[in-house]
Amino acid sequence: MLIQFVRFKIMKLKRIIAFIIDVFASSAIVYITITILRICHIWIIPYIMMVLLYVLMVCKDCYNGQSIGRKILGIQVFDSKTMKVASPLKCILRNCFYLIYPIEGLVMLCNSLGLRMGDYATQTKVAEWNADLKEANYIKIAQAIALVFTVFVLLCVFIVMYTKDSEKGLLDLLYNY
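We now turn to the structure provided with this report.

What counts and how
Residues numbered from 1 in each chain as written. Predicted model: local features only at pLDDT ≥ 70, side-chain atom pairs only at ≥ 80, totals over all residues. Heavy atoms only, no water. Helix = DSSP H or I, 4+ residues; strand = E, 2+ residues; numbered from the N terminus. Polar contact = N/O pair within 3.5 Å; in protein donor to acceptor, adjacent residues only side chain to side chain. Patch = residues over 30% accessible without salt bridge, like charges linked within 9 Å, V, L, I, M, F, W, Y side chains within 5 Å. Areas by Shrake-Rupley, 256 points an atom, 1.4 Å probe, with all protein chains shown as cover. Salt bridge = Lys/Arg side-chain N within 4 Å of Asp/Glu carboxyl O. Buried < 20%, exposed > 50% of the residue type's maximum accessible area, 1.4 Å probe, protein only. Arc of directions from axis to C-beta. Core = buried A, V, L, I, M, F, W, Y, C linked by side-chain atoms within 4.5 Å.

With that out of the way, let us pick up the side chain of Lys 14. Locating Lys 14 in the fold gives a position in helix α1 (residues 2–39). A distance of 3.1 Å separates a polar atom in the side chain of Lys 14 from a polar atom in the side chain of Glu 128.

Next comes the structure, spelled out in structure tokens:
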């Protein structure tokens, strides 16, 4: 019983460390993107870059249920019912709960199994990496990322339309931040 308790605590710690690695990796990608755009004298609305960061965090587990952090720590997202690698769409849906990250974090820390709300909603769990379960279906990954990218583009269009009608205007947002 004690060994199982220690395993759950180690898994929670691995998940937290993997999440921190993923946040840093996604932030680095956004920072590099901003730097390249500024070198090219292309100014972009900061809100759009925040949406890009969120899109990266939502899509992070699409490849075999592993993100950069999960890959480093040897853990993976599984479907709780089938015990196969969670599909890219399930991974995206479970990560959409990051919008309410304070509640997500509390639920995971307080839950004896270390499950998040996203895990309950999509019936997934995180466990040690299983080399036998390599299911990289590139078509499904591309479809899931295309779906999130479409939502990203629509959000950007909404931001532009909103700022166009607001008092500040788009140009003020572009140059005065």
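A few words now on a nonpolar patch on the surface. Together, Ile 16, Phe 19, Ile 20, Val 23, Phe 24 and Leu 109 give the surface a local cluster of nonpolar side chains, amounting to about 520 Å² of exposed area. Top contributing element to the nonpolar patch by residue count: α1, with five residues. Tracing the sequence through the fold places Leu 109 in helix α5 (residues 101–110).

What follows covers helix α4 (residues 88–95). Inspection of α4 places Pro 88, Cys 91, Ile 92, Arg 94 and Asn 95 among the buried residues, and these make up the whole buried set. Along the axis of α4, the buried positions cluster into a sector of 165°, meaning they face one direction only.

For the rest of this paragraph, the subject is the pattern of salt bridges. The full count for this structure, using the stated rule, is nine salt bridges. Across the salt bridge formed by Lys 90 and Asp 79, the nearest N and O atoms sit 2.7 Å from each other. Of this pair, Lys 90 sits in helix α4 while Asp 79 sits in strand β1 (residues 75–79), and the two are eleven residues apart along the sequence. With relative accessibility at 22%, the residue Lys 90 sits in the partly exposed group. On the basis of relative accessible area, Asp 79 is assigned to the buried category, the value being 11%. Each of Arg 15, Asp 22, Lys 60, Asp 61, Arg 70, Arg 94 and Asp 119 takes part in salt bridges that share partners, so that together they form one network.

Among the nonpolar cores identified, the biggest contains 13 residues, and Val 51, Val 55, Cys 59, Cys 62, Ile 92, Val 148 and Phe 152 are the most heavily contacted of them. Elements with a minimum of two residues in this core: α2 (46–58) and α7 (138–165). In terms of residue count, α7 provides more of this core than any other element does, six residues in total. Met 11, Ala 18, Ala 86 and Cys 91 belong to the second largest nonpolar core, which has seven residues in total.

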